[in-house]
Amino acid sequence: KGFAVRAGVLTARGQWILMVDADGATNIRDLERLEAAARAAPQRPPSIVFGSRYGLNAPPRPVKSANRSPHRAALTWLFQTIVGSLMGGTAVKDTQCGFKLFPAMVGKHLFASLHIYRWAFDVELVLLCKILGVNIVEVPVTWVEMPGSKLNLLSGAASMLRDILLVRILYAFSLWGPAL
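The numbers attached to residues start from 1 for each chain and follow its sequence in the written order. Predicted model: local features are reported for residues with pLDDT of at least 70 only, side-chain atom pairs are reported and counted for 80 or more only, and whole-chain, interface and lining totals are derived from all residues. Excluded from the side-chain calculations are hydrogens and water; all other atoms, namely the structure's heavy atoms, are used.

**Let's talk about the nonpolar core**
The criterion, for reference: Only buried Ala, Val, Leu, Ile, Met, Phe, Trp, Tyr and Cys residues count toward a nonpolar core, and they belong to the same one when joined by side-chain atoms within 4.5 Å. Residue exposure (1.4 Å probe, protein chains only): buried if accessible area is under 20% of the type maximum, exposed if over 50%, otherwise partly exposed. Note on conventions: DSSP H or I runs of at least 4 residues are helices, E runs of at least 2 residues are strands, and numbering of each starts at the N terminus. We call two residues contacting when some pair of their heavy atoms lies within 4.5 Å.
By size, the foremost hydrophobic cluster in this structure holds 32 residues, and its most contacted members are Ile48, Phe102, Leu110, Phe111 and Phe121. A total of 7 residues in this core trace back to one element, the largest contributor, which is helix α5 (residues 121-132). Look past the residues within four positions of Phe102 in its chain and what remains in contact with it is Gln15, Trp16, Ile17, Met19, Ile48, Gly107, Leu110, Phe111 and Leu125. Leu34, Val49, Phe99 and Leu101 belong to the second-largest nonpolar core, a separate cluster that totals 9 residues.

**Brief notes about unusual backbone geometry**
Omega for the bond connecting Arg44 with Pro45 falls within 30 degrees of zero, at -5°, which places this linkage in the cis form. Along the chain, Pro45 falls in the loop between α2 (31-40) and β2 (47-52).

**Some thoughts on the packing of helix α4 (residues 104-112) against α5**
Our working rule: Between the N-to-C directions of two axes lies an angle of 0 to 180 degrees, each axis being a line fitted to C-alpha atoms and, for a helix, fitted only over the stretch in contact. Just so you know how the angles are binned, under 35 degrees is roughly parallel, over 145 roughly antiparallel, 65 to 115 roughly perpendicular, and the rest oblique. Working rule for handedness: look at the near helix, and if it is turned counterclockwise from the far one by less than a right angle, call the crossing left-handed; if clockwise, right-handed. Nonpolar residues are Ala, Val, Leu, Ile, Met, Phe, Trp, Tyr, Cys and Pro. Charged residues are Asp, Glu, Lys and Arg, and all others, Gly as well, are polar.
At a minimum axis distance of 10 Å, the contact between α4 and α5 shows a crossing angle of 115°. By the angle between their axes, α4 is roughly perpendicular relative to α5. Considering how the two elements wind past one another, α4 and α5 form a crossing that is right-handed. Residue-level inspection shows His109, Leu110 and Phe111 of α4 in contact with α5, the latter providing Phe121, Leu125, Leu128, Cys129 and Leu132. For the contact of α4 with α5, a count of residues per class yields 7 nonpolar, 1 polar and no charged.

**What to know about the sheet that holds strand β1 (residues 16-20)**
Applied cut-off: Two strands qualify as a pair provided that DSSP identifies no fewer than 2 bridges between them.
Taking strand neighbours across the sheet as the criterion, the 4 strands line up as β1-β3-β2-β4 in an open arrangement whose pairing is mixed. Of all the strands in the sheet, just β1 and β4 (135-140) have a single pairing partner and so form its edges. Taken over all neighbouring pairs, the strand axes of this sheet differ in orientation by 20° on average, direction set aside. In this structure, β2 lies alongside strand β3 (residues 99-103), joined through 2 bridges in antiparallel fashion. What sits directly across from Phe50, in β3, is Lys100. Packing against the sheet, α2 makes contact with β1, β2, β3 and β4, and its axis sits at approximately 35° to β3.

**Observations regarding a nonpolar patch on the surface**
Note the following rule: Residues form patches when they are more than 30% accessible in relative terms and have no salt bridge. Like charges link within 9 Å. Nonpolar side chains (Val, Leu, Ile, Met, Phe, Trp, Tyr) link within 5 Å. The accessible surface values rely on the Shrake-Rupley method and a 1.4 Å probe; as for residues, cover is taken only from the protein chains in view. Throughout this description, the term salt bridge denotes a Lys or Arg side-chain nitrogen within 4 Å of a carboxyl oxygen of Asp or Glu.
On the surface, Leu161, Leu165, Ile169, Phe173 and Leu175 cluster together into a nonpolar patch covering about 500 Å² of accessible area. By the element assignment, Leu165 lies in helix α6 (residues 153-172).

**So, the environment of Arg13**
Following the sequence through the fold, Arg13 ends up in the loop between α1 (2-11) and β1. Since its relative accessible area comes to 79%, Arg13 is described here as exposed. In this structure the C-alpha to C-alpha distance between Arg13 and Ala104, which are 91 residues apart in sequence, comes to 7.7 Å.

Such coordinate-based values are descriptive only and should not be taken to indicate function.
In structure tokens form, the structure reads like this:
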């Protein structure tokens, strides 16, 4: 997934780049929320906007929280807990929502810097933002779990954990870093 998204971002044209999951789980009308947040966010340092499937305890209130199966909700909570602890804490509550808006220049720099091309590439994006001083603004979005997910929960979880550990270790020892 990360490789395909990276290729799309690096070849995109225009001033803004919208990343959207192919399954249509997020309502495209919520793009207006992301655009409004991008306009309101500081431009120096630059800001990107992440859609969030979860309540953010700040206005505007989410239209709908993520309705997930209990086992998927538990794995999601565990994943976000691991991400928060391994990444030295992050204010981002939903790294994996596939609805993100980037100023083109910022998005291209971030995606040119990616090393993880699988499911956990979003976590590397969050770490790159931290390193480069890019603000991340989260906005609640309407999201529906779509049948037919391509992610196998058990093998996907193991792969994502491995990738998160790789990101943390290789950036910590400066073996990986942002593209110049």
